[in-house]
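The chain contents come next:
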Number of protein chains: 2
Amino acid sequence: MIKVIALYKHPENKEKFDEHYFNIHAPLTAKIPGLKEMNVTRITGTPFGESEYYMMCEMIYEDKETFKKAMKSEEAKASGKDAQAFAGSIVTLLFGESEDA
Amino acid sequence: MIKVIALYKHPENKEKFDEHYFNIHAPLTAKIPGLKEMNVTRITGTPFGESEYYMMCEMIYEDKETFKKAMKSEEAKASGKDAQAFAGSIVTLLFGESEDA
């Protein structure tokens, strides 16, 4: 499976971030055609104290073809534009592929 | 659910890393009592090119109690010791909690 991983660093205003994230951004992202699963993880720390990261979101697609098609959709563009606007300076995007371990 | 997320930066020798990871480290980690799921993702890039990360592993526990118990086990200590030995300088550990988005 193909994953898009969004790692968010701590926002200045966590309440405002959460409100936008869960009420605007996540619903926009959920509309992307072909999106199989979306998992949001709140980062609570590290073995040595606070993490530089605040939140992680994984967006999962069945295969490369579905993913490529999804990325060209209007819904993906809307989600990307929104992410850039509300979290452009704190978000890191990674692409990945699942492995059997 | 409780997640432990291991983010590995690019190893010097990827072949050696993969061999140790899949043949030694993952099987050791899989033995941790209470571990519900282990997902390994190979990071393939970012929207802007190569990522600083090479691999991500998520270890999932049902709840805090199971997680705390697991962390005290001999198996968790063995997995942690192994990670430190083969990837101590390139691994970042994060703790997290699943959110409903």
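Residues numbered from 1 in each chain as written. Chains lettered and ligands numbered in written order. Predicted model: local features only at pLDDT ≥ 70, side-chain atom pairs only at ≥ 80, totals over all residues. Heavy atoms only, no water.

A. Geometry of the overall build of chain A. Across its full length, chain A holds three helices and four strands. Shown N-terminal to C-terminal, the secondary structure of chain A runs as helices and strands in the order β-α-β-β-α-α-β. For 101 residues, the compact-globule estimate of 2.2 N^0.38 gives 13 Å, and chain A sits close to it at 14 Å. Overall, the C-alpha framework of chain A stretches about 40 × 35 × 20 Å when taken along its three principal axes. By residue count, 43% of the 101 residues in chain A fall in the buried class. Contacts in chain A between residues far apart in sequence, at least 24 positions, make up 75% of those at least 6 positions apart. Only carbon and sulfur atoms are counted for the fraction: they give 50% of the accessible area of chain A, which is about 5,600 Å². (Helix = DSSP H or I, 4+ residues; strand = E, 2+ residues; numbered from the N terminus. Rg over C-alpha atoms; globule rule 2.2 N^0.38 Å. Buried < 20%, exposed > 50% of the residue type's maximum accessible area, 1.4 Å probe, protein only. Contact = heavy atoms within 4.5 Å. Areas by Shrake-Rupley, 256 points an atom, 1.4 Å probe, with all protein chains shown as cover.)

B. Structural context of the relation of the copies chain B and chain A. Note on the copies: chain B fits chain A at an RMSD of 0.0 Å, the axial shift is 0.0 Å, and the rotation between them is 180°. Taken together, the rotation and translation relating the two chain copies correspond to the operation of a two-fold axis. Here 100% of the interface residues in chain B have copies in chain A that are interface residues too; the copies meet face to matching face. (Least-squares fit on C-alpha atoms with pLDDT ≥ 70 in both.)

C. Expanded view of the confidence of the model for chain A. Scored by pLDDT, chain A has a mean of 95; 98% of the residues are at 70 or more. Interface confidence for the predicted complex, given as ipTM, is 0.90, next to a pTM of 0.93. (pLDDT = per-residue confidence, 0-100.)

D. Summary view of the sheet that holds strand S4 (residues 91-99) of chain A. Taken in spatial order, the eight strands line up as S1(A)-S3(A)-S2(A)-S4(B)-S1(B)-S3(B)-S2(B)-S4(A) and close into a barrel, and their pairing is antiparallel. Strand-to-strand twist across the sheet, computed as the mean angle between neighbouring axes with direction ignored, equals 35°. In this sheet, strand S3 (residues 53-61) of chain B lies alongside strand S2 (residues 35-45) of chain B in antiparallel orientation, the contact comprising seven bridges. Within S3 of chain B, the position partnered with Asn-39 of chain B by the bridge is Glu-58 of chain B. The sheet contacts of helix H2 (residues 64-71) of chain A involve strand S1 (2-9), strand S3 (53-61) and S4 of chain A, and relative to S3 of chain A the element is tilted by about 115°. (Pairing = 2+ DSSP bridges. Axes fitted to C-alpha atoms, helices over the stretch in contact; angles between N-to-C directions.)

E. View of the pattern of salt bridges. Residues and elements named next belong to chain A. Taken as a whole, this structure holds 16 salt bridges over all chains when the rule is applied. For the salt bridge of Glu-58 with Lys-3, the shortest nitrogen-to-oxygen distance reads 3.0 Å. Taken as a pair, Glu-58 in strand S3 and Lys-3 in strand S1 lie far apart in primary sequence, 55 residues in all. Of the two residues examined, Glu-58 and Lys-3, each falls in the buried class. (Salt bridge = Lys/Arg side-chain N within 4 Å of Asp/Glu carboxyl O.)

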